[in-house]
Amino acid sequence: MFTEELRAFRRLGFRHVLLQVLNFASVIASGLMIWKGLGLITNTESPIVVVLSGSMEPAFYRGDLLFLTNPASERYHTGDITVYKIPGADIPIVHRVLETHDVSKTVKIPGLDTKQPGDQLLLTKGDNNYVDDIELYQGLDWLEKKHIVGKVRGHRSHLVNIRQIPTLRRLRHDRDERLPSVKIRITRYPRPIGVNTARIIVAVLTRPRPPSYLVSSSV
Amino acid sequence: MHSIFSRINNISAFLSSCTMALLACVALSSFLFTADPKGTLSISPVKVFPSKTNRYPRRIQEMGFVNFNISADLTPLFHWNTKQLFLYLEAEYQNAQGVNNTVVIWDRIVRRPEDAVINFVGKNKYAFREISSSFKKVPSSYYSLKYNVMPHVGVLTYGEAARTIEPVDFVWEEHV
Amino acid sequence: MTDFAGQKLVDDIVRIWLMATTAISFIAGFALQSLFVTFSILGLSTVALLVLVVPPWPMFNRHPVKWLPVVNASSDTKKSK
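Please read these numbers as outputs of a predicted model, since none were measured by experiment.

A.B. asks: Describe in detail the nonpolar core, supporting the description with residues and values.
C.D. replies: Ranked by size, the top nonpolar core spans 62 residues in total, and within it Leu66(A), Val94(A), Leu74(B), Leu85(B), Ile105(B) and Tyr147(B) carry the most contacts. With seven residues, strand β5 (residues 82-94) of chain B is the single largest residue contributor to this core. Those residues in contact with Leu66(A) that lie beyond four places of it in its chain are Val49(A), Val51(A), Phe60(A), Val94(A), Val152(A) and His155(A). Formed by 14 residues, the second largest nonpolar core is a distinct cluster that contains Cys18(B), Val26(B), Leu18(C) and Phe60(C).

A.B. asks: So what's going on with helix α1 (residues 4-32) of chain C? Which residues, and what values?
C.D. replies: With 29 residues, α1(C) extends 42 Å from end C-alpha to end C-alpha; this agrees with the ideal 42 Å at 1.5 Å per step. Turning to α1(C), its buried residues number three or more, namely Gly6(C), Gln7(C), Val10(C), Val14(C), Leu18(C), Thr21(C), Thr22(C), Ser25(C) and Gly29(C). Packed against the buried residues of α1(C) are α1 (4-29) of chain B together with α2 (35-53) of chain C. Gln33(C) sits one or two positions beyond α1(C) and adopts a positive phi of about 55 degrees.

A.B. asks: Lay out the UniProt feature "transmembrane region" (unreviewed entry) in chain A in plain terms, naming residues and giving numbers.
C.D. replies: The positions UniProt marks with the feature "transmembrane region" (unreviewed entry) are residues 12-35 of chain A. The annotated region residues 12-35 of chain A carries 96% helix and 0% strand content, and the separation between its end C-alpha atoms amounts to 34 Å.

A.B. asks: Describe in detail the interface of chain A and chain B, supporting the description with residues and values.
C.D. replies: Opposite the 36 residues of chain A that make contact, chain B presents 38 residues. With six residues, strand β4 (residues 93-103) of chain A is the largest single contributor of residues to the side of chain A that touches chain B. Considered class by class, the residues forming the side of chain A that touches chain B number 15 nonpolar, twelve polar and nine charged. With three bridges joining them, strand β6 (residues 148-156) of chain A and strand β10 (residues 153-155) of chain B adopt antiparallel strand pairing. Pairing of Gly154(A) across the sheet is with Val155(B), part of β10(B).

So, how was this worked out
Counting starts from 1 at the beginning of each chain's written sequence and moves along it residue by residue. Chain letters start at A and ligand numbers start at 1, both assigned in the order the entries are written. In keeping with the model being predicted, local features are shown solely for residues with a pLDDT of at least 70 and side-chain atom pairs are shown and tallied solely at 80 or more, while totals for entire chains, interfaces and linings include all residues. Buried Ala, Val, Leu, Ile, Met, Phe, Trp, Tyr and Cys residues form a nonpolar core when they are connected through C-beta atoms within 7 Å. Exposure classes come from backbone-placed C-beta atoms, where a residue is buried if 20 or more other C-beta atoms lie within 10 Å of its own, exposed if 12 or fewer do, and partly exposed in between. Secondary structure elements follow DSSP: runs of H or I of four or more residues count as helices, runs of E of two or more count as strands, with numbering from the N terminus. A residue pair is marked as a contact if its C-beta atoms, positioned from the backbone, fall within 7 Å. By this rule, a helix spans an expected 1.5 Å times one less than how many residues it contains. UniProt positions are given in the numbering used here, feature names are shortened, and annotations may be inferred rather than shown by experiment. Note on residue classes: Ala, Val, Leu, Ile, Met, Phe, Trp, Tyr, Cys and Pro are nonpolar, Asp, Glu, Lys and Arg are charged, and everything else, Gly too, is polar. The pairing criterion is simple: DSSP has to find at least two bridges between the two strands.

This is how it looks when you write it as structure tokens:
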């Protein structure tokens, strides 16, 4: 297999190898551009996330894709599904808002610093959990805007779609190669006991390139 | 297209584009279904008891106990792209410090249209607490039954199925 | 083996087939209000397409490339000298 590839490279010369490298780099760069561009439009660090655990079942199963937005003027309501990240915890969690407390004038709330009008205090809960998330907040009593990564706007069930299994990528001269879906795993996290957190990873999804027409059979 | 591998590759690439288009069409088709079913909701005056919380054992925290009655037929919300309904009963009130509160006190997941005819009599599932730990200065609260339609693919939509027109009062019982 | 005309034929079949079945599966699923119908039509038709197109059937090789006859190497070198 490799002798064939090597022979092809030798015949094509150094410039073709460079072209392949450039092609590969442009595929990766376009994926990143789509990702970052989406992030800018939706104002969230990860506009598309993958559900990693079962705490929102039967709404979201492992492997479902969620589309997030987080405009600066966003208000959260009960029933909204938010993705939040507690300082100190590595993995964002996707859970539903159970309580909202909108501050309309400057007020001192027990256990918190003074809150300004417009501030919002939130409590969340996973659909599949029996209790609210207060134990997951690592000492915080309420979630606030700064902890929220985004609100779930759209959803794609993993059951409906035939998952694109990335095939062996072949750096051939024909441009039929497809970019496998790139998964950037943020980190692994030990499972908190008793509470099922929906851990998520970021997935960059890029559409496959259109196949080139009539590829010659000789490289 | 000259070899078996390249044909499979080509088909899978075009199939994924077609599937994307199909999923987009399915997601868009959800907007054609604009059912807005209504039900009824009745709440008896909310009893308040002082209690203690696990988190702050020394702080007295008042808890509201809500007895309610729901009847609604939500079957029109089910169409080909409905995965499930998330139904929730919410209390809304403003406290003395000017904080507007919404608290979910009960919820239910409806997965089949057969289960979407709701006739439920019961009490709150989740603790109904005030952020300042007392309902003393809260005059009354409103309640509404809301739903979240969760699609297989597409946009999550929200709606309201019922609402209390009159405010519901809090009632303090003597704690023995 | 697939010739150039066969490659074009395969490409046309794949494109038209997939676009048509996507449309049909959407309409059928919408009419029957079932995503299961949609995706089973798409899946089954894709399997049929794979059977039709992936093996190198003889119908894709009806226009084989005609190469020029091999020129005798020894006579060729003599001529050039």
